[in-house]
Amino acid sequence: MRFDLQSTIVMLAALTSSFVAAFALGNLSDGNPAEARPMLAAVAADRDAPARGTATQIVRSADGHYWAQADVDGRAVKVLVDTGASVVALTREDAARLGLRLKPEDFSREVQTASGIAKAAPVTLDRVAVAGASVENVEALVVEAGLTHSLLGMSYLGRLSRFEATPSGLTLRP
């Protein structure tokens, strides 16, 4: 992946607003790593499967961020593309619209959001697609409260063959 100075500045601007949440999502350990193994083991083989489809371009919005309309398990979800987030993170509202019925005990992780510490529930999404770039069995978290918008993190982006920022947009290549 090649970055020039202008692309780097654009990416830094896109990451600034979600830095706190992204940092927390990258540090999810709650001291019990065995608890995460069943979910991760169930999708480990499929999680390494490459993305499919065609390349797509996300235009940089006026606020400097890359916003996309993602198809998550057949439903539209507006997401902020966030390369600093280790996983896809869904708001509780978006998760409910997707039909994810979570119980209080499902929120077994603690994450730091812009609004403070929040509980999060690990889930696996069957399919996440942005325009033509589709990934199956995507690891995600549903944040109980404090996340203002859903994030398209590295559990999706890292499965692409490449993504590239330019001054006008972000290209996703399956």
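Use the structure listed above.
So, here's what we can say about the structure. (Residues numbered from 1 in each chain as written. Predicted model: local features only at pLDDT ≥ 70, side-chain atom pairs only at ≥ 80, totals over all residues. Heavy atoms only, no water.)

**Details of the pairing of strand E6 (residues 109-113)**
- A one-sided burial pattern is seen for E6, the buried positions being Arg109, Val111 and Thr113 and the unburied ones Glu110 and Gln112.
- Both E6 and strand E7 (residues 116-130) contribute to a ladder of five bridges, which runs antiparallel. The residue bridging Thr113 from the neighbouring strand is Gly116, located in E7. (Buried < 20%, exposed > 50% of the residue type's maximum accessible area, 1.4 Å probe, protein only. Helix = DSSP H or I, 4+ residues; strand = E, 2+ residues; numbered from the N terminus. Pairing = 2+ DSSP bridges.)

**Details of the environment of Arg52**
- When you line up the elements, Arg52 lands in strand E1 (residues 52-53).
- C-alpha separation for the pair Arg52 and Ala133, spaced 81 residues apart in sequence, amounts to 5.9 Å.
- A polar side-chain atom of Arg52 sits 2.3 Å from a polar atom in the side chain of Glu136. (Polar contact = N/O pair within 3.5 Å; in protein donor to acceptor, adjacent residues only side chain to side chain.)

**A word on the pairing of strand E3 (residues 67-72)**
- Burial of the side chains of E3 is restricted to one face: Ala68, Ala70 and Val72 are buried, whereas none of Trp67, Gln69 and Asp71 on the reverse face is.
- Pairing geometry for E3 and strand E4 (residues 75-81), over six bridges, is antiparallel. Note that in E4 the partner of Val72 across the bridge is Arg75.
- The turn joining E3 and E4, which pair antiparallel and follow one another in sequence, is formed by two residues; a positive phi near 50° is taken by Asp73.
- Pairing analysis gives three bridges linking E3 to E7, with the strands arranged antiparallel. Bridge pairing links Asp71 to Ala129 in E7.

**Re the nonpolar core**
- The biggest cluster of nonpolar side chains holds 33 residues, and the ones touching the most others in it are Leu125, Leu152, Tyr156, Leu160 and Leu172.
- Sorting the residues of this core by element identifies E3, E4, strand E5 (88-91), E7, strand E8 (133-143), helix H5 (154-157), strand E10 (162-165) and strand E11 (169-173) as the ones contributing at least two each.
- With eleven residues, the next largest nonpolar core counts Ala85, Ala89, Val111 and Leu151 among its residues. (Core = buried A, V, L, I, M, F, W, Y, C linked by side-chain atoms within 4.5 Å.)

**Comments concerning the sheet that holds E11**
- Sheet architecture is open: three strands sit in the order E2-E11-E10, paired in antiparallel fashion. Unpaired on one side and paired on the other, strand E2 (56-59) and E10 mark the two borders of the sheet. Sheet twist, expressed as the mean angle between neighbouring strand axes with direction ignored, is 15°.
- Bridging between E2 and E11 involves four bridges; their strand directions are antiparallel. Within E11, the residue paired with Gln57 across the bridge is Thr171. (Axes fitted to C-alpha atoms, helices over the stretch in contact; angles between N-to-C directions.)

**Examining the pattern of salt bridges**
- Taken as a whole and judged by the stated rule, the model has six salt bridges.
- Between Arg127 and Asp71 there is a salt bridge, with its nearest N and O atoms 3.4 Å apart. Of this pair, Arg127 sits in strand E7 while Asp71 sits in strand E3; the two residues are 56 residues apart in sequence, bridging distant segments of the chain.
- For Arg127, a relative accessible area of 34% translates into the label partly exposed.
- Taking the shortest distance from any N to any O, the salt bridge between Lys119 and Glu110 comes out at 3.8 Å. (Salt bridge = Lys/Arg side-chain N within 4 Å of Asp/Glu carboxyl O.)

Just distances and angles here, no functional claims.
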